[in-house]
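Summary of structural features
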Amino acid sequence: MAVPEKSYGDDMAVIGDLTEDSLPHELKRRYERNIIYTYLGDILVAVNPNTMLPIYGGEVGIVYSEAKNLKDLSPHIYAIAGKAYRNLIWGRVNQAILVSGESGAGKTESTKMTIAQLARMSKSQEPTKLAEQIVEINPILEAFGNAKTTMNDNSSRFGKLIEVMFNKQGKIIGAKVTEHMLEKSRVVHCGNGERSFHIFYYMFAGLSQYEIEHFYLSRPEHYRITDPRHGAPVFTSQMDYEANKGGFEELKEAMNDTGFPSQIVNIIFAIMAGILHLSNIEFAPDPELQQLIIVNEDEVDYGSRLLSLQADDLVTVLIASSSFVRGERIVRLKSMHEACDGRDALCKALYSRLFTWIVKRINQVIHVQDDQDRYIDAGIISLLDMAGFERFQVNSFEQLCINSANEQLQSFFNTYIFSWELQEYQAEGIKQPKIKFTNNNEILGLFFDRPIGLFAILEDECRLQMSTDGTFVDHMNKEFGKNDVYKRCKSRDPVFTIEHYAGQVTYNAIGFIEKNRETLGTNFISLMQNSHNWLINELFDDRPDSNTRNIDKRNSQWTVPEWNQPNMPALGPGETLSKRAGKKIKQRTNIDRPLPAIPNSSSTSTSVHFRNSLASLMENLKASEPQFVRCIRANAEKQYGFFDVKLVHNQLLNTGVFETTRIRKLGYPTRMHMQDFINRYKVVGFPVTESVEINPANCDRILQKAQLYDYQIGKSKVFLKYWHVDQLNMCLEKFISDLRLIQTTIQMYLARRKFLDMMQYITYCKDQVFSLGNIVAKTGDQLFHIMVSTNDLDKHHYRKKLEEQELRRRSTRQSQYVRRGLPRRMDDDIYDAPDYEYYNSRSGYGASRRQLYQIAQV
């Protein structure tokens, strides 16, 4: 990690004295020392270095996550993540981190680093690998939602709102991704020097030769979506090819880690290949048949196989349309313009609906929605990454939508930083700083007012069959001719200019009507709903209860086709699918039996979806406490080490950074209700057990105990500088540390006393055991002496008894000899009697003296 030359506090002291002219030069001096982050109040300014610096990663993240006071560390995106995390845990208020800036300013990378730091700080272990999965979704979203533009090689072409959910212990318990305003027109239309979405190029670089043949693909230059035209190759260098190949491998790994089975991954790639083939279909008029024919019907066969469609049905909906008038089915052949428009609309619908489905699938893995108790307790940190303000040589409908969305975000920034703050000062009786700022309410009115607004006029024009891009511009010139932010152009071309907060942008209205119309008719929807691919069925199932909850349990009727040449239907000489379909349509009468009409899910225009999506996004942001990250492009050439002072100055001026610096320097960015302030910080100025009344005097006592100054106390809130909260949190941390020390000491005393009591009891038990042993030893000696004495007495009695028996026996035998007149025998005196040592008169078993001694010892 590069050691910063200035700490947080020093950085703020320097910035506080800067002016509009000196701020860009100060940023340049820091940029040249690889210091790319700077604080302006509580707003982080990040200058894109156009290279990876050694100031990121796990070790640096741990330093910022364990820091007790962020002002001791240099400015960093990790610090913003840490601040949002601590505000969520301490204040129990949902947080939102808004990463904004022009295209190519580094917003996507900043968002990824913020998510990684939040996962690092939460140290979540439930469910398994959830935090890692939230980080791993970025390669998937980038592959399908990002593209190369002239300003940025990895530009987000949709608005991405990631809501990371935490429980009360600060652990990540889930997340939710919401996609807004996908630039689906990029699927079939790209500007010069630009590319379509990354996924198409990843496939050509990463698929094996077998997979390429599996999906009937050939060289990338063969397809309208990926062909850069003018004979240029798709991959400009070997490095470009390897980068896309690496992106494909990273995408497959991420999809595997986030729960996409290999069968579903193959289906997704098959749909992508099907879009490539569909977009390549070419039409030509046949004067003889007076109808359109398809020039390259092999693309129809490839596309129908990959999308599990009947080739005849696909051809029919491409060259003809049907509708119901008064209960009668009317079928008519399309014009060249209508056929091309329908083909492109189908490609855009397939891609955009698949992208939405992928986001829903990701949410199933990372979004905790079944455990209601944990979800209720969760706080949310939302991260917004949206395409930045764009200004190209030719600006079309896509740039108009992106720039109007950025106008809305700028308005939110102005409202939060300036308007709400000044209104709150007035309501609380606080002296207001004398600062003027420019709002963009007039531009927002130009875009979103109804019934007279740019989008309202565009929607009205799209409803009229005879409308053109020229009539749309004429209508705006009539309505907005006197508007200060709208400038009509003298050119005969349909162009107009709007004065945005970031500068003037001239728009070319050619294609506005076509791009805004949702021309995907009911015929296409019906065709897709009849596909043998369950995923395509689901993409075009517009019922409200349609979901992806049980997709893994379904028996898919689709399998990746083995590579072979498609089986062409049996056709007659000179006959083609389109000719045969046109012939059948002409033969068909217009009075067929009426069929039930299919609801047209695409009846609304692109601008309606855009406005609804933007309104939903703003509602989510307004329900959170925002943290702002302003990303700045160092230069327009995307070069490392080059700092364009004029370009940076314009970005700082146009994004309201200078006004932010003034009002943050003079104002009070942190405002807390007195009750919340006292409940949180009362231990700084009062004993824990004391009941504290909610009043300004007690708030003032707490602030004085914390040795703070230059604060304001209003009628119901306490107004603090950006560094006051850090100082109060330090006091709170010290109190908690002391409290933990006291608790530890008491617990140690109780544990020690319990231990000593146990040792005393053990000693007592040991003494008792020793006493018992002594008693047993003494008793054993006495028992031995008693047994010895008993043994001697028994021997005496035994010998006496033997003598008596012997005397009686001798007497008896002598009397016999006398009675018989026999002489006395000498051997009768020998009596074989057992010795006492081997005989016991009581038990009848022998026992020695040693054995008796051993028995006594036991």
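Note on numbering: residues in each chain are counted from 1, in written sequence order. In view of the model being predicted, local features appear only for residues whose pLDDT reaches at least 70, and side-chain atom pairs are presented and counted only at 80 or more, with totals across whole chains, interfaces and linings using the full set of residues. Just so you know, side-chain values use all the structure's heavy atoms and leave hydrogens and water out.

The protein chain is annotated in an unreviewed UniProt entry as Myosin motor domain-containing protein of Magallana gigas. UniProt positions are given in the numbering used here, feature names are shortened, and annotations may be inferred rather than shown by experiment. Of the comments in the UniProt record for the protein chain, the one headed Sequence similarities (unreviewed entry) reads "Belongs to the TRAFAC class myosin-kinesin ATPase superfamily. Myosin family."

**Things to note about unusual backbone geometry**
Residue proline 451 is reached from arginine 450 by a cis peptide bond, and omega for that bond is 10°. In this model, asparagine 50 sits at a positive phi of 60°, which is unusual for a non-glycine residue. A run of H or I in DSSP counts as a helix once it spans at least four residues, and a run of E counts as a strand once it spans at least two, with each numbered from the N terminus. Mapping asparagine 50 onto the fold places it in the loop between β2 (43-48) and α3 (58-66). The backbone phi angle of tyrosine 216 is positive, close to 60°, even though this residue is not glycine. Summarising the element assignment, tyrosine 216 is placed in the loop between α8 (209-214) and α9 (238-257).

**Things to note about the environment of glycine 57**
In this structure, glycine 57 sits in the loop between β2 and α3. For each residue, the accessible area found with a 1.4 Å probe, counting protein chains only, is set against the maximum for its type, and the residue is called buried under 20%, exposed over 50%, and partly exposed in between. Owing to a relative accessible area of 25%, glycine 57 belongs among the partly exposed residues under this scheme. On a C-alpha basis, the gap between glycine 57 and methionine 113 in space is 8.8 Å, while along the polypeptide they are 56 residues apart. Here a residue-residue contact requires only that any non-hydrogen atoms of the pair lie within 4.5 Å. Leaving out residues up to four positions away in the same chain, glycine 57 has contacts with Tyr78 and Arg120.

**Thoughts on the packing of aromatic side chains**
Ring geometry is summarised as follows: Phe, Tyr and Trp rings, the Trp one being its six-membered ring, pair when their centres sit within 6.5 Å, and such pairs are stacked at plane angles under 30 degrees, edge-to-face over 60 and tilted between the two. Under the definition given, this model contains 25 aromatic pairs. For the ring pair tyrosine 216 and tyrosine 302, a centre distance of 5.1 Å and an interplane angle of 20° mean the geometry is stacked. Taken as a pair, tyrosine 216 in the loop between α8 and α9 and tyrosine 302 in helix α11 (residues 297-306) lie far apart in primary sequence, 86 residues in all. This pair shows no difference in class: tyrosine 216 is buried, exactly as tyrosine 302 is. Between the aromatic rings of phenylalanine 447 and phenylalanine 455, the centroid separation amounts to 6.0 Å while the plane-to-plane angle is 35°, which identifies the pairing as tilted. Exposure class is identical for phenylalanine 447 and phenylalanine 455. Each is buried. Here the aromatic residues Phe397, Phe472, Phe480, Tyr486, Phe496, Tyr507 and Phe512 are joined through ring pairs into a cluster of three or more. The positively charged end of arginine 120 is found above the aromatic ring belonging to tyrosine 78, 5.4 Å away from the centroid. As a reminder, the over-ring test applies to NZ of lysine and CZ of arginine, requiring each to be within 6 Å of the ring centre and within 35 degrees of the ring normal. Of note, arginine 630 hangs over the ring of phenylalanine 413, and the distance from its end group to the ring centre comes to 4.1 Å.

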